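# Fold and contact review
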Amino acid sequence: MTTALSVLQVVLLIAVAPLVRGTIARLKAVIQNRRGASVWRPYADLVKLFRKEDVVPTSASPIFRMAPRVVFAATAAAVLFVPVLQGSTFFSMAGDFILLVYLLALARFFLVLGAMDGGSSFGGMGASREALVSTLAEAPLLLGVTAVAIVARDMSLSGIAHWTLAQDPTRISAVHALAFAALALVAIAETGRIPVDNPTTHLELTMIHEAMVLEYSGPSLAWIEWANSVKLTLVLALLVALFAPWGMMMSLSVPGIVLAVGAFVLKLAVLALTIAVVESSIAKLRMYLVPDFLGVASALAILAVVFTAVMR
Amino acid sequence: MQILFRTFVASLLCLPAVTLVAQRWARARAVASGVFVLALLAGAAAAGLGFWCGAAVSLDFSAVSPFPFALSLDRLSAFFLLLICVVAAPVTLFSATYVERHYQGARRAWLWVLLPLFLGSMVLVVTASTAFAFLFGWELMTLFSAGLIVVDGDSEQRRHDLFIYLLMMHAGAAAVVAAFLLFLPGAPGLGFAAMRAAGAAMPPAMRSALFILAFVGFGAKAGLIPLHLWLPRAHPMAPSPVSALMSGVMIKTAVYGFVRLTFDFLGGGPAWWGYLVLAAGAVSGVLGVLYAIAEHDLKRLLAYHSVENIGIIYLGLGAGLLFLAHGAPVWATLALMAALLHTLNHALFKALLFLGAGAIGHSAHTLDIEELGGLQTRMPVTGAAFLIACCSIVGLPLFNGFVSEWLTFRSFLGGATLANLPSAIVLPLMAGILALIGGLAAACFAKVYGVAFLGRPRSSEAEHATEVPLAMRASMEVLALCCVTIGVAPAFVLSPLAATINGFVRGAAMPEEALSLARVIPWIAVVVVLLALAATLMRRAARLTPTWACGLPGLDSRMQYTSTAFSKPLRKVFSQVYKEDRTVEVAPTDAPYFPVSISYRSVRTTSYERALYRPVMDAIVAGAYRLRRLQTGNIQVYLLYIFLALVALLVGMRFV
Amino acid sequence: MGLIEVAATKALASSAVLLFIMVLLMAAAKRISTCILLFSAQCAVITAQILAMAYVHRSPEAYAIAGLVLTIKVLAIPYALSRIVEDLQAPRDVTASTTSAQSVFIASALILLSFFAIAPYARELRVDEDMLAAAVALVLTGAFLMVSRKKALMQVVGLLVLENGIFLAALTTTFGMPLIIEIGIFFDLLMGVFLMGLFVFRIRDTFDHVDVSKLRKLRG
């Protein structure tokens, strides 16, 4: 039964991902005093794109069409490790967050290759900028989760979730506060949100992700956009599972499932609102200030790890 | 087992003569190469029996040699012999066609004679069971590899680089000889069994001296920074298959020597050994990959990546030493498993990368990736194999690099459970450094593969490249298959590795963590492949058009990103490391906004020569000049020196 | 009154962590208004702490001090500083000699240094180690801000943070100084801020900038 629920939470996350994106866009519109598109817009976009045909450059290799599918597959596989409704996940082992981070790295590697295969300057530009951002974001991401794992004395995400569920929610721990600050900054970088990257821009000066997918169309673009939404939801769910998992089911029961789903939706909504507010109030950073931004995240993550030993 | 091993050794000894004789006839050459590959497969079988089944074998040549000379195959030697043979067999297959097409007459003969001798010397190093045999093989390795480098041509620059190579190898060998000689009081015959016993009984000061000598000597051979100067000079100079062997296998013998000496003979040591090795590994890893990012000559880039991967291996070894020092043998086993598995993985994918470079050089006649592009459509098999190698070296899941990197990460995370406070902080922080190295490697290989194989060709050579012949393709496919197999089903290598380490680390056991990864990874592979397949099968035919690029007309291949452009953001962020000297000239200078031509020149000075080596050299030369004053030319002064030496000996004998 | 008791203990337990976070944020901040806001937040945390201690130790004096801190340091001084920033009409960025990331690294090192430094004293005096470390960290960060930020106003903010740290240290070890001394210190601070405000305008009018690193006449 737990396995069935684990599969359900994976399917739920992948299915709900575009809705999260739509919600953030809608909230931004409301804050910026616009009407904005409906929250179901991303689904309509996906359906439209799947029905169109793929337009492929003549010089492209099979990598061009293969890349979006690998990106989606790797991102979906990474979802298997994140606790959503209950502490346990489909696959869980000590050190599984390393596998998760590297599955996302696999997705990003192929996205970069697909961008280079387009044969235009935009692809290369997006690829080189993405390489810079992801290189500097990997270390704080791993160190932040490591710090939390060391405190929880369990190196698996489900173990951390179980441990945190048993803790007192009102006590602020220094390691968790620092790790949350570091991971929040990294989450902005990984999901390509302002201030690191503007997801709605059309100026090549400000593009990172948009430049990489410029040549894609039809189903290939649909797979990439969906994978992007799944990655955003996955990162948010990871933050929730690591730092605020209360509400997850401890044992199987129908009121438990309802409570878990409700709690998850509420927490995602809060995070979506935070992202919308942050995106509407801060300007995008200049490209060469992003390493500084990620340097702050690294410093916080390193301090979090050192604190695990200092504040034992 | 005995028969296999003896056949293998015998064939390696006879092969040079056989290939020399067979040089005149093309058929005979092909047959000789086939025999060579078969011999290597026999060696691989013998090594496999030793590694998986624990069968041991020994050959004693002491009867025919003035010093004790014996070979033996315990599990660790079997592992490294397996590494050598499994990598050398496809490389030899590749060379059969490659050498045929690119070298003629005497040079080809030299290559075919030196290649089995080179492999034989490496086999000697890893199977030696006396110090004499080990050192004999060690020096021969340098000699034969230098010979193979010389085969590729001669010039002022090449002679200079070759001289640096020989000099640094010899200096490293001197340190290794000194390390072995320190065992003399306890083990007069310098047989490995005696040395093991002597190492256990040594006083701490001597152990530390031994460790330093071994670290420096083997580190020079492995290519740790700052002793790495020879690597980016020597490896690109050799023919591609030889570079594959040098980068893939030769530097691993240094890892073998270091593991043998530090873990087997000395059994680990105080914590500062671990910190030193960790620091060396971290510095080599980060700086190696940073230097690689700035390169656009494919072979130099791959050479710097060897420095980086040696850094990762040494990170694992350092963690192992720290765990042993703090009494956690199970974690030490995990760390050593990580380091040894990465040794094997690196040999596999680095050899594949160099063979790919050889294939590119064969088809496109250039190794400057700025001149390449669009090779994937023209060389599909080479491209696919190269892509697999790139994914492996970056450490992406489902490929072998990930397994060893994951094990290294896991051992670092395990360090947090240690009671000793500094180690509990340093080890998890090393995980951050390893993550940084992984990210930089991903950026670098995305650049290499993207610029060389994807997009549009940037030169007519690249445009007219064709797929390489069957033998070359097959060898690359074999290596790629090995990479993927270990990446998806690592269990079959992990258990015997644990047994190997059990052999020389007391109190070791099979760590649970390694098994858990081996259980999960195949399922993840199934999930990813199924999802990707499902998404691929759902697709319909695509419409081919020229690249859109926001509707820009007249796109040509010059408007793609170059390798220098791709690496610019990273080079700018890490500018302290590069210290670039950059000049941009716009012509004509009186109308700068309407240029006719723009020239860009960027020179990097890796400052080791200036900051580290030159001061040391100057100090040595100054010291030598001062010592010259002893040479007065007066014969009576010389007689006085002899007289003083005699007096000193007589007095000294009283105190011994 | 169990709820207030619980709240008081929670406030005491978590305030050190909040102060560390604010130290790091202040090191990373790029605008003067952010620094002023963070300073105000720091003082709010300290006020909460004083109130909690006042409740636990049942001391009416402490309530008075809490009120003083609230009015002067949480409200009055930050308001005055923000007015100065607005009237100056100078660029609002903190011209720092270290980047954000470097500043956070240095601030982290200072936090670890403060832990290292107070270790023997905390055991001797039997006080909360985290709180004393937070106090020393505030002092060091205030000094660091004064050294690395080039805007004249940031010197004031650094000094205020430093004073915060000393105040917190006194609070932790001796449960505050006598009320008269507290009032005296507060009025000194107020005067200092107003004087600084006056001087900043004079500097701006005379030199046309407020960059302290360019005022180099202080030599013989």
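Quick caveat, the model's predicted, so the values are computed rather than measured.

## Describing the packing of helix α5 (residues 131-151) of chain B against helix α10 (residues 240-265) of chain B
Residues and elements named next belong to chain B. At their nearest, the axes of α5 and α10 sit 12 Å apart, and the two run at 160° to each other. Taken as axis vectors, α5 and α10 run roughly antiparallel relative to one another. The interaxial crossing formed by α5 with α10 has left-handed handedness. Facing α5, whose interface residues are Phe134, Trp138, Met141, Ser145, Leu148 and Ile149, α10 presents Val242, Met246, Met250, Thr253, Ala254, Tyr256 and Gly257. Its residues assigned to classes, the contact of α5 with α10 comprises 10 nonpolar, 3 polar and no charged.

## Things to note about the arrangement of the chains
Sorting the 2 pairs of chains in contact by contact count puts chains A and B at the top. The two units chain B and chain C remain apart, with a minimum C-alpha distance of 13 Å.

## As for the interface of chain A and chain C
Contact residues are listed per partner, giving 18 residues for chain A and 19 residues for chain C. Per-residue buried area on chain A facing chain C is highest for A:Ile172, A:Asp292 and A:Leu303; these three make up 30% of the total on that side. At the boundary of chain A with chain C, the tally comes to 0 salt bridges. Where chain A packs against chain C, one counts 3 residue pairs in polar contact (both at pLDDT 80 or more). Among the elements of the structure, α7 (174-191) and α11 (290-310) of chain A are those that each provide at least two residues to the side of chain A that touches chain C. Counting residues per element, the side of chain A that touches chain C draws most heavily on α11(A), which supplies 10 residues. Its residues assigned to classes, the side of chain A that touches chain C shows 13 nonpolar, 3 polar and 2 charged.

## Some thoughts on the pattern of salt bridges
Residue and element names in this part refer to chain A. Following the criterion strictly, the structure yields 21 salt bridges over all chains and no others. Taking the shortest distance from any N to any O, the salt bridge between Glu279 and Arg193 comes out at 3.0 Å. Separated by 86 residues along the polypeptide, Glu279 in helix α10 (residues 254-281) and Arg193 in the loop between α7 and α8 (209-212) bring together distant segments of the chain. Given the relative accessible area of 5%, Glu279 is considered buried.

## Let's talk about the environment of A:Val101
Residues and elements named next belong to chain A. In this fold, Val101 is placed in helix α4 (residues 96-117). Under the relative-accessibility criterion, Val101 is labelled buried at 5%. Along the primary structure Val101 and Asp168 are separated by 67 residues, whereas in three dimensions their C-alpha atoms are 28 Å apart. Not counting residues up to four positions away in its chain, the partners in contact with Val101 are Glu138, Leu141 and Leu142.

## Quick word on unusual backbone geometry
Negative phi characterises most residues that are not glycine, and trans characterises most peptide bonds. In this model, A:Ile194 is joined to A:Pro195 through a cis peptide bond whose omega is 10°. Note the cis peptide between B:Ile225 and B:Pro226, where omega equals 5°. Position of B:Pro226 among the secondary structure elements: in the loop between α8 (204-222) and α9 (231-237). The residue B:Leu398 is not glycine, and still its phi comes out positive at about 80°.

Each value, and the rule that gives it
- Residues numbered from 1 in each chain as written.
- Chains lettered and ligands numbered in written order.
- Predicted model: local features only at pLDDT ≥ 70, side-chain atom pairs only at ≥ 80, totals over all residues.
- Heavy atoms only, no water.
- Axes fitted to C-alpha atoms, helices over the stretch in contact; angles between N-to-C directions.
- Helix = DSSP H or I, 4+ residues; strand = E, 2+ residues; numbered from the N terminus.
- Parallel < 35°, antiparallel > 145°, perpendicular 65-115°, else oblique.
- Left-handed = near helix turned anticlockwise from the far one by under 90°.
- Contact = heavy atoms within 4.5 Å.
- Nonpolar A, V, L, I, M, F, W, Y, C, P; charged D, E, K, R; others polar.
- Buried area = accessible area lost by both parts, 1.4 Å probe.
- Salt bridge = Lys/Arg side-chain N within 4 Å of Asp/Glu carboxyl O.
- Polar contact = N/O pair within 3.5 Å; in protein donor to acceptor, adjacent residues only side chain to side chain.
- Buried < 20%, exposed > 50% of the residue type's maximum accessible area, 1.4 Å probe, protein only.

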